There are 4 protein chains.
Amino acid sequence: TLQHIFKTIFQASLELQEDDNRKALLVSRKKKQENTIVDVKGELLGNGTQTFVMGPCAVESYEQVRVVAQAMKEQGLKLMRGGAFKPRTSPYDFQGLGIEGLKILRQVADEFDLAIISEILNPNDIEMSLEYVDVIQIGARNSQNFDLLREAGKVNKPVLLKRGLAGTIEEFINSAEYIISQGNDQIILCERGIRTYEKATRNTLDISAVPILKKETHLPVVVDVTHSTGRKDLLLPTAKAALAIGADAVMAEVHPDPAVALSDAAQQMNIPEFHKFMAEVKGFRDALAGAQLVR
Amino acid sequence: TLQHIFKTIFQASLELQEDDNRKALLVSRKKKQENTIVDVKGELLGNGTQTFVMGPCAVESYEQVRVVAQAMKEQGLKLMRGGAFKPRTSPYDFQGLGIEGLKILRQVADEFDLAIISEILNPNDIEMSLEYVDVIQIGARNSQNFDLLREAGKVNKPVLLKRGLAGTIEEFINSAEYIISQGNDQIILCERGIRTYEKATRNTLDISAVPILKKETHLPVVVDVTHSTGRKDLLLPTAKAALAIGADAVMAEVHPDPAVALSDAAQQMNIPEFHKFMAEVKGFRDALAGAQLVR
Amino acid sequence: TLQHIFKTIFQASLELQEDDNRKALLVSRKKKQENTIVDVKGELLGNGTQTFVMGPCAVESYEQVRVVAQAMKEQGLKLMRGGAFKPRTSPYDFQGLGIEGLKILRQVADEFDLAIISEILNPNDIEMSLEYVDVIQIGARNSQNFDLLREAGKVNKPVLLKRGLAGTIEEFINSAEYIISQGNDQIILCERGIRTYEKATRNTLDISAVPILKKETHLPVVVDVTHSTGRKDLLLPTAKAALAIGADAVMAEVHPDPAVALSDAAQQMNIPEFHKFMAEVKGFRDALAGAQLVR
Amino acid sequence: TLQHIFKTIFQASLELQEDDNRKALLVSRKKKQENTIVDVKGELLGNGTQTFVMGPCAVESYEQVRVVAQAMKEQGLKLMRGGAFKPRTSPYDFQGLGIEGLKILRQVADEFDLAIISEILNPNDIEMSLEYVDVIQIGARNSQNFDLLREAGKVNKPVLLKRGLAGTIEEFINSAEYIISQGNDQIILCERGIRTYEKATRNTLDISAVPILKKETHLPVVVDVTHSTGRKDLLLPTAKAALAIGADAVMAEVHPDPAVALSDAAQQMNIPEFHKFMAEVKGFRDALAGAQLVR
């Protein structure tokens, strides 16, 4: 057992080293105390003001995107999400409009002075995407596609990184490190629910991940209430929880006519629902801000 | 395939029947639209005012409980939790003081005019416990101990029912139905985190369960932030999320000297931490109430 | 960091103590090297010969049990399972025949010289059950019902303990320790699948648990292929896997007419399926035994 | 409720269509009844003979690979695995030797007449890899990297596809469909354990997935016992379970000196352990084959 004590001392030294490595992570708050503020065409994430990312699940047409953009403009929103490259479980499901989709997003964004967040799936498309998007999204299925992460780390463009389908917080932080290690520190982390046995929701929103990520890293954190719940009736309550716990932004999906949407029909809000949602969450956000209730 | 259509019609009828059964659940909001308000010695749960349940993990001594009670009294709190019968993974861990613990809780509660919530493990102890506790707690490990649930359903005493370690929301609701089916409708549901692969927290707080339970049932819902996170640094943010999403109460653990606690040392607040926590959560709760932000 | 080294030495001492405690577990193979052999009316579990536990999910009538018993007798089987007290998610589902069910099991068992394994749910029923059953089963939902475990530990009757719905192997072993700590070492451990996100099977059979349990404890291990898969088409392949990996017995459900079964209709074999299953698994078992392929 | 019946009829038609789509999956056994036999330089997978895939976790040097190859040759094995591109959680962990690693594998393979299985991470590397590898491996983290799957589907080279870290069987089958939809039907499916709450093993081996995949698809199925358990003491028992349940091959890791391995040190066998393992599993496999116990 003296042997055991020595073995443990050895292990302690090892852990100290690992600990130093973790301290050395560029995304770590131990490395940089103040918040990283990501500037997306003038909209700031991470500066203490809570904001919203809205838009359709998938880009289907210019008209569809335009209707959503107009509604967002009415609400004074700036950050629009929309999928042009859609990763789908089956190869026979709608895979998105591709570059055509990006062009539509850019055209509408320029028309309404919005910023575009859109997912890129292939390292080869990062360079091309710079012309169209304001934020490169890396999706849950690609959260450990390390070549994609590295490519996104080499460009001068904000990256919204989603947590893996069943990713640990530690893996999530390390995936962000893959990006920052290449030079790009404009990273937004996105909690989007994790896979569990519970079937009442599409995924299980891990709300505790928000304060953990804010504590462990200096990066802004967004909560995607659409993919974490998969239920329209839970968007508002989970958005409030996300704001209360200190998320820098809430993300949700809007579609002019969800019933005919080519993907995720059941979970997207229509335009009147969107306006109702925005009224409530903005009221909530402003009350919290007024009472200085979120740090 | 015509055969398939017929089979499906048959299945539809079956589902309709099951649906009717679900409607027929006595805990269901379909059965009773208005909230059930549970009255615990004058403190109401389910009436729209959000409150707090605090206290030590386990009862260790009269002095220990008294110190916590005094601090709670200073904060104007009424509902005290404390374990006399402790279900522990190992038979060799501290199993609680048993009836002695209940007597201590009762004595201190009477001294400070508090109400006592304490876990009962054995159907045979329900009757005995009525003399000492104001709310019978049924713990996560016993969430499908149906004989215990039925016994608790036969008495005239509120019951706080915890979700199972890896219980589904459907199972949770049915466990409550076991209680109410015996006549006792004074049931408080408690979300306390579920078991997942994530190791950053003790369990994963399923915050979405709160609005789902409020929608599906007419019962008050409490969030136990201590057992769901297992981390003192997450008590405050998760408590805010719980209040924001509409929980009727937040539960957390306090101990005069957590370092020497006989169970769950790492996750209990000490007295100064408790006062700080209460100041923040009450401020938050009151701001929400003032702005009428939680239904 | 010297401080860290010292802290780690302290922790090492603590762990050594815990390790000693684990060594001290009465169920541990560190405590007792040779296999515990459980003798159920002459049928031995744990002696290296692999056997089978078969029978209906729930006892419904004398005739139903008799038909199964006759088929088992034809196959030379001895160990019959059958539920008299059924723990069901909903209070309105069939809860079993209770003592009447136990009486039926006993009557048929005596007629065919079988041994009976049946679940007991309430600590108060342990004493009564001794008259009827040859093995007390403690089910997955009660795997941490510690008072029930302790009662089962006080009697002189074998206990079949199922792993919890989402129980860890460590919890499972400690639950067995609750039984043995009261004096009863006639314990059979039963792996019955764990709760995961995968929906293709009712639970996920954790086949690795078998060699781990055989290594960590000296107790016999049974695999319940019915509850772990919930699919009749997987009973045979998983039974082979269980035998190959060294399980002491395989458990599965048989019903004279599964379509009208009061519980778990879809997953029970009918009599001809049972005979076909037995022919295949016995052939497999005997070939392994002949080639001395399972230790 | 008549409305409900009509809605259900509508849904039934929808499901029928989906069912047809599933039938239409090119990997489905409904589409093609007989087994697909994958020919890897003369070694056949899927023809009923069970085989083995062995090799180091990562390629570290020519000498290291050579020692393993020699041991494999002694055992009459043909299929060697080895990682040249290593996907690692942290960007600062050893990422593999890259093309240098592939060259070493090729050189040794030619020397000993072995076939090489190695993971490719980037769609751009598929073409390049054809010169070096005999089977392209797509790893668990890339199981839904659809562009990579499609690239692998365009070449005339067998592909070994691993199940995702927490992938469902349905997702796994659809990922294979991404490959086959591009023309390449030389696909080997690999069960490698799924992520659960259980910490006794690195992942939880989902042994039931093997018969499900064999039933649903016509593709050969391999079980990776190293990554599913992460424990050397479980390699042999789980390998036996895999063979008993009908896997076409068992995969495990071997390293000349695991203690100094640059990755996964704890779970790789050394050479003497490998010879002992092979003696036992080949004996087991041959006994099963002799008794015609695996279909």
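Residues numbered from 1 in each chain as written. Chains lettered and ligands numbered in written order. Predicted model: local features only at pLDDT ≥ 70, side-chain atom pairs only at ≥ 80, totals over all residues. Heavy atoms only, no water.

**Some details on helix 10 (residues 271–290) of chain A**
Its 20 residues place the ends of helix 10 of chain A 28 Å apart at the C-alpha level, agreeing with the 28 Å of an ideal helix rising 1.5 Å per residue. A:Ile271, A:Phe274, A:Phe277, A:Met278, A:Val281, A:Lys282, A:Phe284, A:Arg285 and A:Leu288 are the residues of helix 10 of chain A that are buried. The buried residues of helix 10 of chain A occupy an angular sector of 165° when projected down its axis, which confines them to one face. Residues of helix 10 of chain A that are exposed and angled more than 90 degrees away from the buried face: A:Pro272, A:Lys276, A:Ala279 and A:Gly290. Contacts made by the buried residues of helix 10 of chain A are with strand 3 (51–55), helix 2 (62–74) and helix 9 (235–244) of chain A together with helix 9 (235–245) and helix 10 (271–290) of chain B. (Helix = DSSP H or I, 4+ residues; strand = E, 2+ residues; numbered from the N terminus. Expected span 1.5 Å × (residues − 1). Buried < 20%, exposed > 50% of the residue type's maximum accessible area, 1.4 Å probe, protein only. Arc of directions from axis to C-beta. Contact = heavy atoms within 4.5 Å.)

**Details of the packing of aromatic side chains**
Residue and element names in this part refer to chain B. What the rule picks out here adds up to four aromatic pairs over all chains. With a centroid separation of 4.2 Å and 20° between ring planes, the pair formed by Phe146 and Tyr178 is classed as stacked. Of this pair, Phe146 sits in helix 5 (residues 146–154) while Tyr178 sits in helix 6 (residues 169–180), and the two are 32 residues apart along the sequence. A single burial state applies to Phe146 and to Tyr178, both of which are buried. (Phe/Tyr/Trp six-rings, centres within 6.5 Å; stacked < 30°, edge-to-face > 60°.)

**Describing the packing of helix 2 of chain A against helix 3 (residues 99–112) of chain A**
Residue and element names in this part refer to chain A. Here helix 2 crosses helix 3 at 30°, and the two axes come no closer than 10 Å. By crossing handedness, the relation of helix 2 to helix 3 is classed as right-handed. Where helix 2 abuts helix 3, its residues Tyr62, Val65, Arg66, Ala69, Gln70 and Lys73 lie against Ile104, Leu105, Gln107, Val108, Glu111 and Phe112. Residue composition of the contact of helix 2 with helix 3, by class: seven nonpolar, two polar and three charged. (Axes fitted to C-alpha atoms, helices over the stretch in contact; angles between N-to-C directions. Left-handed = near helix turned anticlockwise from the far one by under 90°. Nonpolar A, V, L, I, M, F, W, Y, C, P; charged D, E, K, R; others polar.)

**Looking at empty space enclosed by the protein**
Counted according to the given criterion, the structure contains five cavities of 30 Å³ or more. What the largest cavity holds in volume is close to 320 Å³. Empty space within the second largest cavity amounts to approximately 270 Å³. Lining the second largest cavity are 24 residues; nearest its centre among them are A:Ala140, A:Arg141, A:Leu165, A:Ala166 and D:Leu165. (1 Å grid on protein atoms, 1.4 Å probe; cavity = no way out; pocket = protein on both sides within 12 Å on 5 of 7 lines; lining within 4 Å. Points joined across faces, edges and corners; volume = space filled by probe spheres on them.)

**Thoughts on the interface of chain D and chain C**
At the junction of the two partners, chain D supplies 38 residues and chain C supplies 38 residues. Here chain D packs against chain C, burying approximately 2,900 Å² in sum over the two surfaces, 65% of which is carbon and sulfur. Inspection of the region where chain D meets chain C yields four salt bridges. In this structure, D:Glu198 and C:Arg163 form a salt bridge, with 2.8 Å as the shortest nitrogen-oxygen distance. Seen at the junction of chain D and chain C, the total is 10 residue pairs in polar contact (both at pLDDT 80 or more). Residue contributions to the side of chain D that touches chain C peak at six residues, all from helix 9 (residues 235–244) of chain D. When the residues that make up the side of chain D that touches chain C are grouped by side-chain class, the tally is 20 nonpolar, nine polar and nine charged. (Buried area = accessible area lost by both parts, 1.4 Å probe. Salt bridge = Lys/Arg side-chain N within 4 Å of Asp/Glu carboxyl O. Polar contact = N/O pair within 3.5 Å; in protein donor to acceptor, adjacent residues only side chain to side chain.)

Remember that the coordinates give geometry; whether it matters functionally is a separate question.
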